[in-house]
Amino acid sequence: MSSTSGPAEATSSSTSSKRTTTKNLMLFSGRTHPTLAQEVAELLGVDLVPTTAYDFANGEIYVRFDESVRGCDAFVIQSHAAPINQAIMEQLIMIDALKRASAKRITVVLPFYGYARQDKKHLGREPISARLMADLFLSAGADRLMTVDLHTAQIQGFFDGPVDHLLAMPILTRYVREKYADHSFAVVSPDAGRIKVAESWANALGGAPLAFIHKTRDVTRPNESKANRVVGEVAGRTCILVDDLIDTGGTIVQAAEALMADGAAEVVILATHPVFSGPAVQRLRDSVATEVIVTNTLPLGPEQTFDKLTVLSIAPLLAQAIAAVFEDGSVTSLFKD
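Predicted, not measured: the structure shown is a model, and the values here were computed from it.

Draft legend 1. Region of the structure containing the overall build of the protein. On a plain count of helices and strands, the protein comes out with 9 helices and 14 strands. With the C-alpha coordinates aligned to their principal axes, the bounding extent of the protein is approximately 100 × 50 × 40 Å. Taking all 337 residues of the protein together, the buried fraction comes to 47%. Within the structure as shown, the protein displays about 16700 Å² of accessible surface, and the carbon and sulfur contribution to it stands at 50%.

Pasting the structure below:
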């Protein structure tokens, strides 16, 4: 065989196969909040991928997707609601299953990011569990995180990859502007640490004045704080008391009482995440607040609803963000006024 025949043959034949592939969006839901996932799927015009999931007798979780996911752009929705550790583990298992089944890209959709309040150390020998969460998702095979109203924005830096931090503020402020259009507002932060967030709310509500509640908290006693006094002018105004979540309701209810004692005309409570643990529902029902407005990032059962409660859907925001990521568009543009 001639030694010169090799190069000549190589130039006349192709060394690769080129093919234009079609992008394939697939939406997956855990068992914690299927109603929200179904609403997102309907807005996107897709069906949730059929999934077999169950618990073994000892509590271990089994997950298998009932159709091929090879090469897909996967979005895995799971709200970290109680029992929170089971919800997190199920989502991690779903991610691992997708990775091993050759999904092309895996985006973890967290309407509520579990352990977000453990984002720093207050005392020695404490964990930073919010960082651990990010590490777990990365190790499981997640390429991207999408979440709503993190407890602190710094958590975005815990994940070594893109993080889409969505804001529920446009949905909540639109409702407030429409319902309380003729009211004189004051935007109130339940503590000094969230005054920067409250400032954004104030701007969204037409430059309303700001106030905050000075409170004290014992770091050794979780879910307990004491509202001391109101800092700012609230007399005669409709106070929009904003927070990222309501857990047991003690802090937010005390803040509402302090505002009314300081001469506020009424108090409207707004929060993105209705955790509603323990006595929260009873406290909110009996509170001085005129209305409690939340979104459906977490599932609420019949026993967690009451007359003052208004639940707004976060599904349109999630659907728009998922579509933007899938089409390589801008997620930031969703929040432009």
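This is not the end of the story, as more comes after the structure.
Draft legend 2. Seen up close, the packing of helix α5 (residues 169-179) against helix α6 (residues 195-204). Orientation of α5 relative to α6, taken along the N-to-C sense of each, is 45 degrees, at an axis distance of 10 Å. By the criterion of interaxial angle, the relationship of α5 to α6 is oblique. Relative to α6, the crossing made by α5 is right-handed. On the side of α5, the interface is formed by Met169, Leu172, Thr173 and Arg177, while α6 contributes Ser200, Trp201 and Ala204. For the contact of α5 with α6, the per-class residue count stands at 4 nonpolar, 2 polar and 1 charged.

Draft legend 3. Region of interest: the sheet that holds strand β4 (residues 73-77). An order of β1-β4-β5-β6-β7 is seen for the 5 strands of this open sheet, with the pairing classed as parallel. Whereas interior strands pair on both sides, the edge strands pair on one side only; in this sheet they are β1 (25-29) and β7 (163-166). Between one strand axis and the next, the sheet turns through 15 degrees on average, direction left out of account. Two elements, strand β6 (residues 144-148) and β7, share 4 bridges in a ladder whose sense is parallel. Each residue of the ladder has a partner; that of Thr147, found in β7, is His165.

Draft legend 4. Layout of the nonpolar core. In terms of nonpolar packing, the biggest core is built from 43 residues, with Val40, Leu270 and Ile322 touching the most fellow members. If one sorts the elements of this core by residue count, helix α9 (residues 315-326) sits on top with 9 residues. Setting aside anything within four residues of it in sequence, one finds Val40 in contact with Leu27, Ile77, Ala315, Leu318, Ala319 and Ile322. Formed by 33 residues, the second largest nonpolar core is a distinct cluster that contains Phe65, Val108, Ala130 and Leu145.

Draft legend 5. Region of the structure containing the environment of Ser68. Within the secondary structure, Ser68 is located in the loop between β3 (61-65) and β4. In this structure, the C-alpha to C-alpha distance between Ser68 and Ile314, residues 246 residues apart in sequence, is 29 Å. Within the local environment of Ser68, its side chain forms a polar contact with the backbone nitrogen of Arg70, the two atoms lying 3.4 Å apart.

Draft legend 6. A look at helix α7 (residues 250-261). Between its terminal C-alpha atoms α7 stretches 17 Å, which fits the 16 Å expected from 12 residues at 1.5 Å a residue. Within α7, burial applies to Gly250, Ile252, Val253, Ala255, Ala256, Ala258 and Leu259. Count one or two residues on from α7 and you reach Gly263, which has phi positive near 100 degrees.

Analysis parameters
Along each chain, numbering runs from 1 in the same order as the chain's sequence is written. Reporting in this predicted model follows two pLDDT cut-offs: at least 70 for local features of residues, and 80 or more for side-chain atom pairs to be given and counted; totals over whole chains, interfaces and linings ignore these cut-offs and use all residues. Side-chain metrics in this entry use all non-hydrogen atoms of the structure; hydrogen atoms and water are not considered. Only runs of H or I of at least four residues qualify as helices and only runs of E of at least two qualify as strands under DSSP, and these elements are numbered from the N terminus. For every residue, the accessible area (1.4 Å probe, protein chains only) is compared with the maximum for its type, and the residue is labelled buried under 20%, exposed over 50%, or partly exposed between those bounds. Residue burial considers only the protein chains on display, and all accessible areas are found by Shrake-Rupley using a 1.4 Å probe. Note on geometry: axes are C-alpha line fits, over the in-contact stretch for helices, and angles between N-to-C directions span 0 to 180 degrees. Here the word oblique covers every angle except those under 35 degrees (roughly parallel), over 145 (roughly antiparallel) and from 65 to 115 (roughly perpendicular). Helix crossings get a hand from a simple test, with the near helix turned counterclockwise from the far one by less than a right angle marking a left-handed crossing and a clockwise turn marking a right-handed one. Contacts are assigned to residue pairs with any non-hydrogen atoms lying within 4.5 Å of each other. Here the nonpolar group is Ala, Val, Leu, Ile, Met, Phe, Trp, Tyr, Cys and Pro; Asp, Glu, Lys and Arg are the charged ones; every other residue, Gly included, is treated as polar. The rule for pairing is simple: two strands pair if DSSP sees at least two bridges between them. Among the buried residues, those of types Ala, Val, Leu, Ile, Met, Phe, Trp, Tyr and Cys that are joined through side-chain atoms within 4.5 Å form a nonpolar core. Under the rule applied, a polar contact is a pair of N or O atoms within 3.5 Å (in protein, one hydrogen donor and one hydrogen acceptor; residues adjacent in sequence only if both atoms are side-chain atoms). Helix span, expected: 1.5 Å multiplied by one less than the number of residues in the helix.

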